[in-house]
Amino acid sequence: MSDVATRVGVMALESSETHPQPLGRVVMAVKDWVGRCNEIWVDAQVIEIKRRSGPTQFLTFRDRIADMSAKVTVSAMVLDAAGPLPEGSRVTARVRPRVWERNGSLSFECLELMVAGEGKLLARLEQLKRKLQAEGLFEAHRKRRTPFIPRRIGLVTGRGSDAEHDVLTTVAARWPALFTVAHCLVQGPSSAESVITALQRLDRDEEVDVIIVARGGGSLEDLLSFSDEGVVRAVANCTTPVISAIGHEQDVPLLDFVADVRASTPTDAGKRVVPDYEKEMDLMVQIRARLDGAITQRLDVAQRSLEELRSRPVLKDPTSAFTAHTDRLEMLRHRLNAGIDSVLRQEEAGLRTALTGVRAMSPKATLERGYAVLFDGDVTVSSTTSTAVGTRIRAHLADGQLALDVAGIHPQESNV
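Predicted model only: the values in this text are computed from it and were never measured.

(A) Main features of the overall build of the protein chain. Broken down by element type, the protein chain carries 13 helices and 14 strands. A compact globule built from 416 residues would reach a C-alpha radius of gyration of about 22 Å, whereas the protein chain, at 63 Å, exceeds it by more than 25%. Oriented by its inertia axes, the alpha-carbon framework of the protein chain measures out at about 200 × 70 × 45 Å. For the protein chain, the residues scored as buried account for 30% of the 416 residues in total.

Here it is as structure tokens:
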């Protein structure tokens, strides 16, 4: 053990099989030596991030070439200052080694941390993505539906590119369609501006119903134009639906988030922008067959209902329903006539009785019984005092009149 201690630059510890050193003493000796090492900048890849609620966070670094890794502690402030740090990011870090006496493990304390290489680019894109997302440019309610069968398709792509060929041939194999192709630069410093110009030109074309932005695969740097903030905002401002078809399935530029439809490849965009003619024709045949079947079924149901109605007695002989009513009407008419005759007979009998009474009490009937009515001129003689001896009076009888002279007046004696 003393040889090892000497080789690592710590105080030699005398030891033997009969006089071994305590483990803690050895660990502390190693910790003392490690503590004298200087800080150093390292190039590594972050393969694990463990965030805790406390001030200290835990990372795992791995060498980008050799199969080696190390545990790293870092303060939350240093980790946050590095910006977005997805696992797999390449970093440059200023570290110093530490030995934990409790378990004798070696780790590194990270004093500064910076994302490097492609990871730095990813971090910058992540920051831009969060900014645009906070503005609401990626919200689902902004997405517009693409037309089922567009009148004309706009295509933004590189001249003579595989992406252009894939879109055109895929669409031609599925559905006859018209294209307006706006060629542009798809890589390089001026490519973002070129894409924006082509996109805006197609958006102004009233005949274009949908726009496809297509490019083949490539590295992150190759596809950087389609994560440009200006390109993203140009797509967000388009009034025409936009389909993003950049790279392969694993490529996700920021254009994919703002576009109305994201296609995994240019070929996939060709499949999404128009329907498949053969499938649509098959579907039409199926729908027509189902429609014919539904109409036939409805007609069969209606025919059965009609036959049931026609089989009812009232429809076979419509006048049969009146027979019972005719009999009842005849009976009611007979009862009405009988009632009228009865009332008339009763009224006639009453009238005869009243007439007999009236006739019995009439002056003529009285005269017919031998009575006479005396008149002195036009005045009825109703008392012996109403006339005088020698007066000519008339006597009205039942069959005529008599002229009489009053020869004498004999008043009736009172019986009282």
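(B) Broad picture of the side chain of D276. Structurally, D276 is set in the loop between helix 9 (266-273) and helix 10 (277-310). The buried category is assigned to D276, whose relative accessible area is 17%. A distance of 3.0 Å separates a polar side-chain atom of D276 from the backbone nitrogen of E278.

(C) Summary view of the side chain of T180. Considering the arrangement of structural elements, one finds T180 in strand 7 (residues 178-183). What T180 contacts, discounting residues up to four positions off in sequence, is R152, I153, G154, L155, L202, D205 and V208.

(D) Just the packing of helix 5 (residues 162-174) against helix 9, in detail. Following both chains from N to C, one finds helix 5 and helix 9 inclined at 30°, their axes separated by 8 Å at the closest point. One element, helix 5, and the other, helix 9, form an angle in the roughly parallel class. Regarding helix 5 and helix 9, the two cross each other, and that crossing is right-handed. Of the residues in helix 9, those in contact with A163, D166, V167, T170, V171 and R174 of helix 5 are P266, T267, G270, K271 and V273. Grouping the constituent residues of the contact of helix 5 with helix 9 by class yields five nonpolar, three polar and three charged.

(E) Examining the packing of helix 6 (residues 191-204) against helix 7 (residues 229-236) more closely. Two elements in contact, helix 6 and helix 7, have axes whose closest approach is 9 Å; the angle formed by their N-to-C orientations is 10°. One way to sum up the angle between helix 6 and helix 7 is to call them roughly parallel. Between helix 6 and helix 7, the residues in contact are A192, V195, I196 and L199 and G230, V231, A234 and V235, respectively. Along the lines of polarity and charge, the residues of the contact of helix 6 with helix 7 split into seven nonpolar, one polar and no charged.

(F) Inspection of the sheet that holds strand 14 (residues 400-405) at higher detail. Strand order in the open sheet made by the four strands is 12-11-13-14, with antiparallel pairing throughout. This sheet does not close on itself; its edge strands, each paired only once, are strand 12 (379-380) and strand 14. Pairing analysis gives two bridges linking strand 11 (residues 373-376) to strand 12, with the strands arranged antiparallel. Bridge pairing in strand 12 links F375 to T380.

(G) Highlighting the environment of D376. Locating D376 in the fold gives a position in strand 11. The exposure class assigned to D376 is partly exposed, which follows from its relative accessible area of 28%. A C-alpha to C-alpha distance of 7.3 Å links D376 and R392, two positions 16 residues apart in sequence.

(H) Layout of the sheet that holds strand 4 (residues 90-100). Strand order in this closed barrel of five strands is 1-2-3-5-4, and the pairing throughout is mixed. Averaged over neighbouring strand pairs, the angle between their axes works out to 55° when direction is ignored. Sitting on the sheet, helix 2 (residues 23-35) is in contact with strand 4 and strand 5 (105-115), with an inclination near 140° to strand 4.

(I) How the structure looks around the environment of M114. Its location among the elements puts M114 in strand 5. According to the relative accessible area criterion, M114 is partly exposed, its value standing at 43%. Not counting residues up to four positions away in its chain, the partners in contact with M114 are W41, R90, V91 and T92.

(J) Local environment of helix 10. Taking 1.5 Å of rise per residue, 34 residues should cover 50 Å, and helix 10 covers 48 Å from first to last C-alpha, within 8% of that figure. For helix 10, the N-terminal cap is D276; the gap from its side-chain oxygen to the backbone nitrogen of E278 is 3.0 Å.

(K) Geometry of the pairing of strand 4. Taken together, the six bridges between strand 1 (residues 40-50) and strand 4 define a ladder with antiparallel strand orientation. When the bridges of strand 4 are listed, D43 appears paired with T92. The pairing of strand 4 with strand 5 spans ten bridges and is classified as antiparallel. By the bridge assignment, V91 is partnered in strand 5 with V115. Hairpin connection from strand 4 to strand 5: four residues lie between these consecutive antiparallel strands, with G104 at a positive phi of about 70°.

(L) Structural context of the packing of aromatic side chains. In total, this model carries two aromatic pairs according to the counting rule given. Their ring planes at 35° and their centres at 5.6 Å tell us that F138 and F257 sit as a pair that is tilted. Taken together, the residues span a long stretch of sequence, with F138 in the loop between helix 4 (117-134) and strand 6 (152-157) and F257 in helix 8 (residues 255-258) at a distance of 119 residues. With relative accessibility at 25%, the residue F257 sits in the partly exposed group. The ring of W100 carries R98 above its face, with NZ or CZ at 4.5 Å from the centroid.

About the criteria used
- Residues numbered from 1 in each chain as written.
- Predicted model: local features only at pLDDT ≥ 70, side-chain atom pairs only at ≥ 80, totals over all residues.
- Heavy atoms only, no water.
- Helix = DSSP H or I, 4+ residues; strand = E, 2+ residues; numbered from the N terminus.
- Rg over C-alpha atoms; globule rule 2.2 N^0.38 Å.
- Buried < 20%, exposed > 50% of the residue type's maximum accessible area, 1.4 Å probe, protein only.
- Polar contact = N/O pair within 3.5 Å; in protein donor to acceptor, adjacent residues only side chain to side chain.
- Contact = heavy atoms within 4.5 Å.
- Axes fitted to C-alpha atoms, helices over the stretch in contact; angles between N-to-C directions.
- Parallel < 35°, antiparallel > 145°, perpendicular 65-115°, else oblique.
- Left-handed = near helix turned anticlockwise from the far one by under 90°.
- Nonpolar A, V, L, I, M, F, W, Y, C, P; charged D, E, K, R; others polar.
- Pairing = 2+ DSSP bridges.
- Expected span 1.5 Å × (residues − 1).
- Phe/Tyr/Trp six-rings, centres within 6.5 Å; stacked < 30°, edge-to-face > 60°.
- Lys NZ or Arg CZ within 6 Å of the ring centre and 35° of its normal.

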